[in-house]
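Structural overview
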Amino acid sequence: MSTPNAAFVLVHGGWHSQSAWDKLTPLLEARGHLVLTLDLPGAGANTIPPKSLAARPFDPATFAAEPSPIAEVTLEERTAAVIAAVKDAAATSGGKVVLVGHSAGGMVVSAVAERIPEQLAAIVYIAGFMVAHGISLLEMLPHETMASALSVGLFVGDPVAIGATRINPGPADDAYRALLKASFYADVCDTDFERIVTGLHSDEPNGGALAPSDITPERFGSVPRHYIRTTQDRAVPLSGQDHMIATVDPTIGGSTITHTMETSHSPFLSQPDKLATILDDVAAQTSRT
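First, a word on what this report is: a plain description of the structure on this page. (Residues numbered from 1 in each chain as written. Predicted model: local features only at pLDDT ≥ 70, side-chain atom pairs only at ≥ 80, totals over all residues. Heavy atoms only, no water.)

What follows covers the pattern of salt bridges. Applying the stated rule across the entire model yields nine salt bridges. The partner of Asp 249 in a salt bridge is Arg 225, with the nearest N and O atoms 2.9 Å apart. Note that Asp 249 is positioned in helix α11 (residues 238-252) and Arg 225 in strand β7 (residues 225-230), a separation of 24 residues in sequence. The buried category is assigned to Arg 225, whose relative accessible area is 3%. Note that Asp 242 is salt-bridged to Arg 229, the shortest N-O span being 2.8 Å. (Salt bridge = Lys/Arg side-chain N within 4 Å of Asp/Glu carboxyl O. Helix = DSSP H or I, 4+ residues; strand = E, 2+ residues; numbered from the N terminus. Buried < 20%, exposed > 50% of the residue type's maximum accessible area, 1.4 Å probe, protein only.)

Right, let's talk about the pairing of strand β3 (residues 97-102) for a bit. With six of its six residues buried, β3 lies for the most part within the structure. Both strand β1 (residues 7-11) and β3 contribute to a ladder of five bridges, which runs parallel. Pairing of Phe 8 across the sheet is with Val 98, part of β3. Across six bridges, the pairing between β3 and strand β4 (residues 120-126) is parallel. (Pairing = 2+ DSSP bridges.)

Our focus in this paragraph is the nonpolar core. By size, the foremost hydrophobic cluster in this structure holds 43 residues, and its most contacted members are Val 9, Val 82, Leu 99 and Phe 129. Only β1, α4 (75-93), β3, α5 (105-115), β4, α6 (137-140) and α11 provide two or more residues apiece to this core. Here this core gets seven residues from one element, more than from any other, and that element is α4. The contact partners of Phe 129, leaving out residues within four places of it in the chain, are Ser 103, Ala 104, Gly 106, Met 107, Ser 110, Leu 137, Met 140, Leu 141, Met 146, Val 236 and Met 244. (Core = buried A, V, L, I, M, F, W, Y, C linked by side-chain atoms within 4.5 Å. Contact = heavy atoms within 4.5 Å.)

All right, on to helix α13 (residues 272-287) then. Counted at 1.5 Å a residue, the expected span for α13 with its 16 residues is 22 Å, and the 22 Å between its end C-alpha atoms agrees. Taken together, the buried positions of α13 are occupied by Pro 272, Leu 275, Ala 276, Ile 278, Leu 279, Val 282, Ala 283 and Thr 286. Projected onto a plane normal to the axis of α13, the buried residues spread over an arc of 160° and lie on a single side. (Expected span 1.5 Å × (residues − 1). Arc of directions from axis to C-beta.)

Once that is clear, we can look at the packing of α4 against α5. The interhelical angle for the contact between α4 and α5, taken along N-to-C directions, is 65°, at an axis separation of 9 Å. For the pair α4 and α5, the crossing hand works out as right-handed. For the pair formed by α4 and α5, the contact residues are Leu 75, Glu 76, Arg 78, Thr 79, Val 82, Ile 83 and Val 86 on the first element and Met 107, Val 108, Ala 111, Val 112 and Arg 115 on the second. Of the residues assigned to the contact of α4 with α5, the class counts are eight nonpolar, one polar and three charged. (Axes fitted to C-alpha atoms, helices over the stretch in contact; angles between N-to-C directions. Left-handed = near helix turned anticlockwise from the far one by under 90°. Nonpolar A, V, L, I, M, F, W, Y, C, P; charged D, E, K, R; others polar.)

For α11, built from 15 residues, the straight-helix expectation of 21 Å at 1.5 Å per residue is met to within 8% by its first-to-last C-alpha distance of 21 Å. The complete set of buried residues in α11 reads Gly 240, Gln 241, Met 244, Ile 245, Val 248, Asp 249 and Ile 252. Angular distribution of buried residues about the axis of α11 spans 160°; they occupy a single face of the element. Tucked inside the fold, the buried residues of α11 contact α6, β7 and β8 (257-261). Positive backbone phi, at 95°, marks Gly 253, one or two positions downstream of α11.

This part takes up the side chain of Ser 103. On the secondary structure map, Ser 103 appears in the loop between β3 and α5. Residue Ser 103 is classed as buried on the basis of its relative accessible area of 10%.

With an omega of 5°, the peptide bond between Arg 56 and Pro 57 qualifies as cis. As for its position among the elements, Pro 57 is in the loop between α2 (51-54) and α3 (60-65). Phi at Ser 103 takes a positive value of approximately 55°, unusual for a residue other than glycine.

Next comes the structure, spelled out in structure tokens:
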């Protein structure tokens, strides 16, 4: 077996699973890279949906009130799972790993970079939550730079009461489905939209969203970091993305290298070829350093 050009570990965002990377993975592999993906604890094959989601007739009020079966999943569990994947990729490739996180997956990327910086060639955020030390994802959501986000309109029930931030990927009216598409997939074709929605899970556990970032200049700051800005994003608006970059850089040191895509929140679906080219360039830069 030949040595891969680079090794990537791809971390999906909130309510998604590793299937989010199905269009991107073969494009990176065709460029000679090793690619590992995983379902985070509480996501994809590792989730347990609320019983009310599958009940028929569907009762929206019951769904909104049912406690989340995955409320106890923590950021630490998700961090440990990604660390294991990074170590597997490093062992297989014989080198350091490019760790990529989308959206809420950025919180996991930051935690991993703080824990095992020596194993990482670079970290890459795709419209990701790269928040400053001491800030949690849920603290970032109400920031003024996030005001144009549509995704908050998707939330069902009281997150504190049910233990999770919940959306409805199942039976929903046309207005809700339209909001789901506008929030995450505005420039994604209908075929890809229908495919990705069937793989969404309903609950994102509060354990991960409430945990504050614990990044430091000495460890997290020692890893080259890249941020892929998505200009048409209505889940993590461009103003919020730029705010996170502007607050992390002065406190951590160094500069986040930015790349810009004219897409909505999910460029791995709408422009996977361009995204693969950017990631290929990141890998090339790390090989020269």
